[in-house]
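# Observations on the model geometry
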Amino acid sequence: ILTGVLEPRLAKDLLQRGVDDIQFKPFNYSLLATKLRALIERRQSDGNSMAASQEDTSCSPRVAEAAPKAVCWGAVDSSDFYSRLAHVATILPVSKVAVDVLKLTNRNDVDADKLTACLVRDASLAVEILKIANSVLYRRSQSPPIKDLHDAVVRIGFKRVGELALASSTLSTLTSRVLPWVDVGLCWRRSMASGLAIERISPVTTIGGADEGLFLSALVRPLGRIVLGAVYPREYEAMVERCKSTRASLATLEAQRFPETDCQAMARLLSTWEIDENVFLPLRYATQQFDELRSLGEPLRTKVEMLKLAALVGDVAVGRWAGWDIVEVP
């Protein structure tokens, strides 16, 4: 669709109805050709992925959904766990543009023009960045709304654009699956609140500028459970029901069933997408107790403690809780 109406809600609605892409006036033909080429490549890639999944469905989530509900509450086989997690990482259609934007922000020669040119390759992601730039998080009450993607990138900041792009794309991809127990709105509010808490905490700590990866780790922390839910949907339905009937925490049941925590699974997913480990390393330890962090060296220990504190502050700020949540006070 070619349009001169730059309205995020309209664009999002069109994309949800099946439109492949949206381009806003004014535009140039070389950019149009680039986007058409990217669309064709994405279609070809989707076709190849579908063919591969039809040939080998031994660890497909669809196979897991067709299997009978487990009656044993013992641990799942570790090889099955890692195989399914690796498979779901390859079939999840997370925006390649989001990954490219994040990698681009780590380069020394990055600028707003390059980030904007990368973002326009994915219309839905570009609309999401515009929406975030105009939200109360980044827009002062007196400032006019931003309608230009370049200005949105400048307002948010180069580093944050990459992290927000990957987090929003991951959330959109994961929650497109049918997981009835997931409150998508609550998940995203917790993500953003934890990220904002990190921004407030970082300047007053002793690690100085060594806060790489904390904002992204805070954003994606609540998404790890959705990753495991996508890999083991029936098991999670059963665990959620058990939480409701026994008042047990979901984290306790997860520890009994899986070889890795939800945060470790999310970190593994990021690693599969070839994200630099330094960007998500604190996430690997986010579910450890505070006294268990003593064995970590600095500044990693402080970064993990900051991440856990930001998660608590963010959850408290949002003020909504699920019956299976655990509140860990430092």
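For the structure itself, consult the block above.
The structure reproduced in this document is the subject of the present report. Because the structure is predicted, anything quoted here is derived from the model rather than measured. Counting from 1, residues in each chain are numbered in the order their sequence is written. The predicted nature of this model means local features are confined to residues of pLDDT at least 70 and side-chain atom pairs, given and counted, to a pLDDT of 80 or more, with totals for whole chains, interfaces and linings taken over all residues. Side-chain calculation: all heavy atoms of the structure are included, whereas hydrogens and water are not.

### Some thoughts on a nonpolar patch on the surface
Operational definition: Each patch is built from salt-bridge-free residues with over 30% relative accessible area, joining like charges within 9 Å and nonpolar side chains (Val, Leu, Ile, Met, Phe, Trp, Tyr) within 5 Å. Method for areas: the Shrake-Rupley scheme with a 1.4 Å probe, in which residue coverage is limited to the protein chains shown. Counted as salt bridges are all cases of a side-chain nitrogen of Lys or Arg within 4 Å of a carboxyl oxygen of Asp or Glu. A run of DSSP states H or I qualifies as a helix once it reaches four residues; a run of E qualifies as a strand once it reaches two. Both are numbered from the N-terminal end.
A grouping of Val-316, Trp-321, Val-327 and Val-329 is seen on the molecular surface, where their side chains present a nonpolar patch of about 390 Å² in accessible area. With respect to the secondary-structure elements, Trp-321 resides in the segment after helix H17 (300-318).

### Some details on the packing of helix H13 (residues 233-246) against helix H14 (residues 250-257)
Stated formally: To get an axis, fit a line to the C-alpha atoms, keeping to the stretch in contact for a helix; angles then go from 0 to 180 degrees between the N-to-C directions. Throughout this description, any angle smaller than 35 degrees is read as roughly parallel, any larger than 145 degrees as roughly antiparallel, any in the 65 to 115 degree range as roughly perpendicular, and the remainder as oblique. A crossing counts as left-handed when the near helix is turned anticlockwise from the far one by less than a right angle, and as right-handed when that turn is clockwise. Working rule for contacts: check all heavy atoms of both residues, and any pair within 4.5 Å makes them a contact. Amino acid classes used here: Ala, Val, Leu, Ile, Met, Phe, Trp, Tyr, Cys and Pro are nonpolar; Asp, Glu, Lys and Arg are charged; the rest, including Gly, are polar.
At a closest axis distance of 10 Å, the pairing of H13 and H14 adopts a crossing angle of 135°. Classified by the angle their axes make, H13 and H14 are oblique. Seen along the crossing, H13 lies across H14 with a hand that is right-handed. The segment H13 lies against H14, with Glu-235, Tyr-236, Met-239, Arg-242 and Cys-243 engaging Leu-250, Leu-253, Glu-254 and Arg-257. Residue composition of the contact of H13 with H14, grouped by class: five nonpolar, no polar and four charged.

### Remarks on the layout of surface pockets
This is how it is decided: Here a cavity denotes grid points, spaced 1 Å and computed from the protein atoms alone, that fit a 1.4 Å probe unable to get out, and a pocket denotes an open set having protein on both sides within 12 Å along at least 5 of 7 lines; residues with an atom within 4 Å of a point are the lining. Grid points are joined across faces, edges and corners, and a volume is the space filled by probe spheres set on the points.
Quantified by volume, the second largest pocket comes out at close to 1,000 Å³. Along the walls of the second largest pocket sit 33 residues, with Arg-221, Arg-225, Asp-262, Asp-325 and Ile-326 positioned nearest its centre. For the lining of the second largest pocket, the secondary-structure elements that each account for two or more residues are helix H10 (184-201), helix H12 (224-231), H14, helix H15 (262-272) and H17. Residue composition of the lining of the second largest pocket, by class: 18 nonpolar, four polar and eleven charged.

### Thoughts on the packing of helix H7 (residues 123-133) against helix H8 (residues 149-156)
Angle between the axes and distance between the axes: these two values describe a pair of packed helices. Contact geometry for H7 and H8: axes closest at 9 Å, N-to-C directions at 55°. Here H7 lies oblique to H8, going by the angle between them. Along this stretch, H7 crosses H8, giving a crossing that reads as left-handed. Touching Ala-126, Ile-129, Leu-130, Ile-132 and Ala-133 of H7 are Leu-149, Ala-152, Arg-155 and Ile-156, all from H8. Of the residues in the contact of H7 with H8, the class split is eight nonpolar, no polar and one charged.

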